[in-house]
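# An overview of the molecular structure
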Amino acid sequence: MRGLFAFALGMLAGAVAVVLWFTVDPDFDARTEAVAGGGNITVTFDERALAAIIARELPAIPGVGERPAVDVEVLQEGLVGVTFGVGAWGVGTRASVYLDPEVADGRLVLRVARATLGGLTAPEAVAALIEPPLQERLDEAAGELPYRLVAIRTTDRRLALDLALD
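Residues numbered from 1 in each chain as written. Predicted model: local features only at pLDDT ≥ 70, side-chain atom pairs only at ≥ 80, totals over all residues. Heavy atoms only, no water.

For the rest of this paragraph, the subject is the sheet that holds strand S7 (residues 158–165). Note on sheets: strands pair through backbone hydrogen bonds, and any given pair is parallel or antiparallel. Pairing is antiparallel in the open sheet, where 3 strands are placed in the order S1-S7-S6. On the outer flanks of this sheet lie strand S1 (41–46) and strand S6 (147–155), each paired with one strand and no other. Averaged over all pairs of adjacent strands, the angle between their axes in this sheet comes to 20°, without regard to strand direction. Where S6 and S7 come together, 8 bridges link them in antiparallel fashion. Counted as the bridge partner of Tyr147 is Leu165 from S7. Against the sheet, helix H2 (residues 47–57) contacts S1 and S7, and its axis sits at roughly 80° relative to S1. Packed onto the sheet, helix H3 (residues 123–142) meets S1, S6 and S7 and runs at close to 145° relative to S1. (Pairing = 2+ DSSP bridges. Helix = DSSP H or I, 4+ residues; strand = E, 2+ residues; numbered from the N terminus. Axes fitted to C-alpha atoms, helices over the stretch in contact; angles between N-to-C directions. Contact = heavy atoms within 4.5 Å.)

Here's what the structure looks like:
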């Protein structure tokens, strides 16, 4: 019986050793290229933070008030919905634009998926207003170091941007 116990214990120790050998990388050389979804820094914006950033930029559009009421919804299908008031109280209307954040050449690009602006302005102009302050925050997160945007996630009603430092 002792022989069988010693054999089972040896098998268990061998199995643990094999698992450790293949999972632990002693020289810290993973031998894999950087893949989307893995970055050194993750910058996350919740819906309220996005609404505050966008509310500061929208008054540059003619017809939008000085302090527009902005609602942002981060959808799981990867879109960011922005709804804001246009015109004066009582005679205004609500405009909405749905943006698709994408990675282009390691930078953030906001493409318009759909929009209902009621003839206010081109939806691309709204995207062009929103993109620079978000990009500015990515630049601040990376500091002086060169970086590239490698992944965008829209989960838990948050926009998460993964940066890889070069």
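Structure shown, so let's carry the discussion forward.
This part covers empty space enclosed by the protein. Scanning the model with the defined rule gives 1 cavity of 30 Å³ or more in all. The volume enclosed by the largest cavity comes to roughly 50 Å³. Along its surface, the largest cavity is lined by Leu50, Ile54, Val80, Leu99, Pro101, Leu110, Ile130, Leu134 and Leu159. Of all the elements in the fold, those that place two or more residues in the lining of the largest cavity are H2, strand S4 (93–104) and H3. (1 Å grid on protein atoms, 1.4 Å probe; cavity = no way out; pocket = protein on both sides within 12 Å on 5 of 7 lines; lining within 4 Å. Points joined across faces, edges and corners; volume = space filled by probe spheres on them.)

Strand order in the open sheet formed by 4 strands is S2-S3-S4-S5, and the pairing between neighbours is antiparallel. In this open sheet, the two edge strands, each paired with only one partner strand, are strand S2 (70–74) and strand S5 (107–116). Pairwise comparison of adjacent strand axes, ignoring direction, gives a mean angle of 25° for this sheet. Sheet analysis places S2 next to strand S3 (residues 80–86), joined by 5 bridges and oriented antiparallel. Counted as the bridge partner of Glu73 is Gly81 from S3. Across the face of the sheet, H3 comes into contact with S3, S4 and S5 while running at roughly 150° to S5.

Per-residue pLDDT for the protein averages 81, and the proportion of residues at 70 or more is 79%. Low confidence marks residues 31–37, where pLDDT is under 50. Its contacts with residues over four positions away, or in another chain, come to 7 contacts. (pLDDT = per-residue confidence, 0-100.)

Attention now goes to the pairing of S2. Burial of S2 is one-sided: the residues Val70, Val72 and Val74 facing one way are buried, the residues Asp71 and Glu73 facing the other way are not. Between S2 and S3, which pair antiparallel one after the other, the connecting turn spans 5 residues, and Gly78 there sits at a positive phi close to 100°. (Buried < 20%, exposed > 50% of the residue type's maximum accessible area, 1.4 Å probe, protein only.)

Looking now at the side chain of Gln135. By secondary structure assignment, the location of Gln135 is in helix H3. At a separation of 3.1 Å, a polar atom in the side chain of Gln135 contacts the main-chain amide nitrogen of Leu108. Setting aside residues no more than four positions away along its own chain, Gln135 makes contact with Arg107, Leu108 and Tyr147. (Polar contact = N/O pair within 3.5 Å; in protein donor to acceptor, adjacent residues only side chain to side chain.)

Attention shifts here to the nonpolar core. Inside soluble globular proteins, nonpolar side chains tend to come together where they are buried. Counting 34 residues, the largest nonpolar core has Val82 and Phe84 as its most contacted members. If you tally residues by element for this core, the top one is H3, at 7 residues. (Core = buried A, V, L, I, M, F, W, Y, C linked by side-chain atoms within 4.5 Å.)

This paragraph deals with the environment of Leu149. Summarising the element assignment, Leu149 is placed in strand S6. As a C-alpha pair, Leu149 and Arg107 span 42 residues in sequence and 5.5 Å in three-dimensional space. Sequence-distant contacts of Leu149, that is, excluding residues within four places in its chain, are made with Val103, Gly106, Arg107, Leu108, Leu161, Asp162 and Leu163.

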